[in-house]
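A look at the structure
Spelled out, the chains give:
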Amino acid sequence: EPEVTQTPSHQVTQMGQEVILRCVPISNHLYFYWYRQILGQKVEFLVSFYNNEISEKSEIFDDQFSVERPDGSNFTLKIRSTKLEDSAMYFCASSVRAAGEQYFGPGTRLTVT
Amino acid sequence: EDKVVQSPLSLVVHEGDTVTLNCSYEVTNFRSLLWYKQEKKAPTFLFMLTSSGIEKKSGRLSSILDKKELFSILNITATQTGDSAVYLCAPGDPNFNKFYFGSGTKLNVKP
């Protein structure tokens, strides 16, 4: 069964460093999402992406964040200069249609020290 | 402000019990509401609800949506220890392709 994959599973970085989180959505899906979940808190929407552009972004998704679909399969989230408060689990999700059922990847745990 | 409120926040039951989890929301112009089960890691998709009053069923789980009153419920019958998880609901705003997740209901099913 097709699934969303994410790499790495765990990333440790120092404050101020850039990180790139990678996702491979399900192949026939057209809508892509990034969410984050700080330990013990709720899943928070970061950004949605369709047709090679951002559809919507939350207040969390400031200038330090960017997304890209560099080729036909990968979908990346870049954080330019990480802060301690960026430590969280980052989930990628994809769906066939807008506001449709989304399938989540296993997540990348980002730890900023 | 909180657009999605789930209740109860947590629940402890014994195997075989039936539980009802509630989700109320303030996203008035949405197209769909999603339910997820989250165990240790990523949320696992359970249901997508788009129409009021039509029950969706999968095994011991079922869910229904009331678009007029802006709530949804998730029922689990004959609970098992494997049902222990956090259950999340997420109504979606089609205008902005965005979903709002609730804080979840933590269900603990004891043997």
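The following paragraphs examine the structure supplied in this document. Here the structure is a predicted model, which means the values were calculated and not measured. (Residues numbered from 1 in each chain as written. Chains lettered and ligands numbered in written order. Predicted model: local features only at pLDDT ≥ 70, side-chain atom pairs only at ≥ 80, totals over all residues. Heavy atoms only, no water.)

**So, the environment of B:Ser84**
Residues and elements named next belong to chain B. Basically, it comes down to this: Each helix is a run of H or I in the DSSP string that is no shorter than four residues. Each strand is a run of E no shorter than two, and both are numbered from the N terminus. The classification of residues rests on relative accessible area computed with a 1.4 Å probe and restricted to protein chains. Under 20% of the type maximum is buried, over 50% is exposed, and intermediate values are partly exposed. In this analysis, two residues are considered to be in contact whenever any of their non-hydrogen atoms come within 4.5 Å of each other. Two N or O atoms count as a polar contact when they lie within 3.5 Å, although within protein this holds only if one can serve as hydrogen donor and the other as acceptor, and sequence-adjacent residues are included solely when both atoms are side-chain atoms.
Inspection of the secondary structure puts Ser84 in the loop between β8 (71-76) and β9 (85-93). On the basis of relative accessible area, Ser84 is assigned to the partly exposed category, the value being 23%. As a C-alpha pair, Ser84 and Val13 span 71 residues in sequence and 9.6 Å in three-dimensional space. Ignoring any residue separated from it by four or fewer positions in sequence, one finds Ser84 in contact with Glu39, Leu107, Asn108 and Val109. Among the polar contacts made by the side chain of Ser84, one reaches the main-chain carbonyl oxygen of Thr81 at a distance of 3.0 Å.

**Some points on the state of the cysteines**
All names here are of chain A. What counts, and what does not: Note on terminology: pairs of cysteine sulfur atoms within 2.5 Å are recorded as disulfides.
Evaluation of the coordinates by the stated rule reveals two disulfides over all chains. Here Cys23 pairs with Cys92 through a disulfide, and the sulfurs are 2.0 Å apart. Looking along the S-S bond of the Cys23-Cys92 disulfide, the torsion reads about -60 degrees, which is the left-handed sense. Linking Cys23 in strand β3 (residues 19-24) with Cys92 in strand β9 (residues 88-95), this pair joins segments that are 69 residues apart in sequence. Taken as a pair, Cys23 and Cys92 share a single burial class, namely buried.

**What about the pairing of strand β3 (residues 19-25) of chain B?**
Residues and elements named next belong to chain B. Definition in use: Paired strands, in this sense, are two strands between which DSSP finds at least two bridges.
Because side chains alternate across β3, one face comprises the buried residues Val19, Leu21, Cys23 and Tyr25, and the other comprises Thr20, Asn22 and Ser24, none of which is buried. In this structure, strand β1 (residues 4-7) lies alongside β3, joined through four bridges in antiparallel fashion. By the bridge assignment, Gln6 is partnered in β3 with Cys23. Direction of pairing for β3 relative to β8: antiparallel, over a ladder of six bridges. Bridge pairing links Ser24 to Phe71 in β8.

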